[in-house]
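One-letter residues, chain by chain:
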Amino acid sequence: MPLLEMSDVTFTYRGAPEPSLRNVTLNIEIGDVVGLAGASGAGKTTLCLTMAGLVPHSTGGDLDGTVRLGGRDTEAGHLGDYLCPVDSDRALVAMTFQDPESQVIGMSVEEDLAFGMENLGLSRDVMRERLDWVLDFVGLADLRRTFPFALSGGQKQRVAIAAALVMQPRLLILDEPTSELDPQSRAEIYDLIHQMSQRLELAVVVVDHSLEDLATTANRLLVLDRGALVCQGGPDEVLRQIPLLQQVGIRPPDVAVIGAACIEAGLVEPAVGTLSDETRLVDALRTLP
Ligand SMILES: Nc1ncnc2c1ncn2[C@@H]1O[C@H](COP(=O)(O)OP(=O)(O)OP(=O)(O)O)[C@@H](O)[C@H]1O
């Protein structure tokens, strides 16, 4: 059973004129590092909130299709019941948001990290052990008693990641964790994500505008355009498709429409995303009026 299953999900915020997600279908398994890219406004944050079960609970709006996290439908029951199951010392999902300032609250680093763990009902000893472990893992051991105003942007981002990681989530969602960082700090965050994927039993979803940066660490890439998943597959495959599509002058979401038409016409195989055999697809596209 996949950790996260989304099937034909369309979501419209309350009062919005059109959906922010359109017919999204995907699965995520433990061990996956999934890179999510797309232009500004494409729906990346909305997809993250949906994966985390926060849509429509916290945002309002209409959700069609199904989202199953850990085998349970996220629309059913009370949010807390599945985010922090009572029979487990691990959260099902934890997420960091684009702006670390909004998450690093006015307490010292260690107080900030202890805050979330209280929801898991852990004993004081286990909390202390986890705190030591996570501070060491993210490289913040020397800053445990520091207050947010004295932290750099990269350090605040690490605190936000540590606050999610200390819950030992099965699904960790990082919404643009490197957007305000210099190249050195960006590389360090990607190295941290790589360490997580190697050493911990979890799946990670990372949002970034750069497919190239995501490809350094992710085993799968997803590209969203105007709420639709227009491309998904292994990093090499997706990176190959982007210039190829530009070469024939096609931009998402036309890719999805034309790709689907090509599948329908038997010109390409519907194996991965919409584009599995690029040579045949490009040939097919060139013959289209
Ligand atoms: N609370 C809301 N109510 C109504 N519409 C919203 C709400 N939040 C987002 N949207 C709309 O949903 C669409 C997708 O927004 P979202 O924030 O998911 O995009 P994004 O890809 O994360 O963008 P960015 O890279 O700029 O963060 C946009 O058109 C946005 O205006």
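Residues numbered from 1 in each chain as written. Predicted model: local features only at pLDDT ≥ 70, side-chain atom pairs only at ≥ 80, totals over all residues.

Asker: Looking at this structure, how should I read the packing of helix 3 (residues 109–117) against helix 4 (residues 124–137)?
Answerer: A pair of packed helices is captured by two measures, namely the crossing angle of their axes and the spacing between those axes. Orientation of helix 3 relative to helix 4, taken along the N-to-C sense of each, is 125°, at an axis distance of 10 Å. Taken together, the axis directions place helix 3 and helix 4 in an arrangement best described as oblique. Every pair of crossing elements has a handedness; the one defined by helix 3 and helix 4 is right-handed. Across the interface between the two elements, Glu110, Leu113, Ala114 and Met117 from helix 3 touch Met127, Arg130, Leu131 and Val134 from helix 4. Taken together, the residues that form the contact of helix 3 with helix 4 break down as six nonpolar, no polar and two charged. (Axes fitted to C-alpha atoms, helices over the stretch in contact; angles between N-to-C directions. Helix = DSSP H or I, 4+ residues; strand = E, 2+ residues; numbered from the N terminus. Parallel < 35°, antiparallel > 145°, perpendicular 65-115°, else oblique. Left-handed = near helix turned anticlockwise from the far one by under 90°. Contact = placed C-beta atoms within 7 Å. Nonpolar A, V, L, I, M, F, W, Y, C, P; charged D, E, K, R; others polar.)

Asker: Help me understand unusual backbone geometry in this model?
Answerer: Peptide bonds are, in most cases, trans, and in most cases residues other than glycine have a negative phi. For the bond from Val55 to Pro56, the omega torsion is 5°, close enough to zero to count as cis. Its place among the elements puts Pro56 in the loop between helix 1 (44–51) and strand 4 (62–69).

Asker: What should I look at first to understand the confidence of the model for the protein in this one?
Answerer: Low-confidence regions, as indicated by low pLDDT, have predicted coordinates that should not be scrutinised in detail. For the protein, mean pLDDT is 82; residues scoring 70 or higher make up 77% of the total. Predicted as a complex, the structure gets a pTM of 0.85 and an ipTM equal to 0.98. (pLDDT = per-residue confidence, 0-100.)

Asker: Can you walk me through helix 6 (residues 183–199) in this structure?
Answerer: With 17 residues, helix 6 extends 24 Å between its outermost C-alpha atoms, agreeing within 8% with the 24 Å of an ideal straight helix rising 1.5 Å per residue. Taken as a whole, helix 6 has its buried residues at Arg186, Ile189, Tyr190, Leu192, Ile193 and Met196. All buried residues of helix 6 project into a common sector of 150° when viewed along the axis, lining one side. Of the residues in helix 6, the exposed ones pointing more than 90 degrees away from the buried face are Pro183, Gln184, Gln195, Gln198 and Arg199. (Expected span 1.5 Å × (residues − 1). Buried ≥ 20, exposed ≤ 12 C-beta atoms within 10 Å, placed from the backbone. Arc of directions from axis to C-beta.)

Asker: Got a minute to help me understand the environment of Ala228 in this structure?
Answerer: Mapped onto the fold, Ala228 is located in strand 10 (residues 228–233). For Ala228, a count of 22 C-beta atoms within 10 Å translates into the label buried. On a C-alpha basis, the gap between Ala228 and Pro19 in space is 9.8 Å, while along the polypeptide they are 209 residues apart.

Asker: Can you help me understand the pairing of strand 10 in this one?
Answerer: A regular strand places its side chains so that they alternate between the two faces of the sheet. Most of strand 10 is tucked away: six of the six residues are buried. Bridging between strand 9 (residues 220–225) and strand 10 involves five bridges; their strand directions are antiparallel. Among the inter-strand pairings, Val223 is bridged to a residue of strand 10, identified as Cys231. Count of turn residues in the strand 9/strand 10 antiparallel hairpin: two residues, of which Arg226 carries a positive phi of about 45°. (Pairing = 2+ DSSP bridges.)

Asker: Got a minute to help me understand the sheet that holds strand 5 (residues 72–73) in this structure?
Answerer: Strand pairs in the sheet, formed through backbone hydrogen bonds, run parallel or antiparallel to each other. Strand order across the open sheet formed by four strands is 2-1-4-5, with antiparallel pairing between neighbours. At either end of the open sheet lies a strand with only one pairing partner, and these are strand 2 (21–28) and strand 5. Relative to strand 5, strand 4 runs antiparallel, the two sharing two bridges. Its bridge partner lying in strand 5, Leu69 is registered against Arg72.

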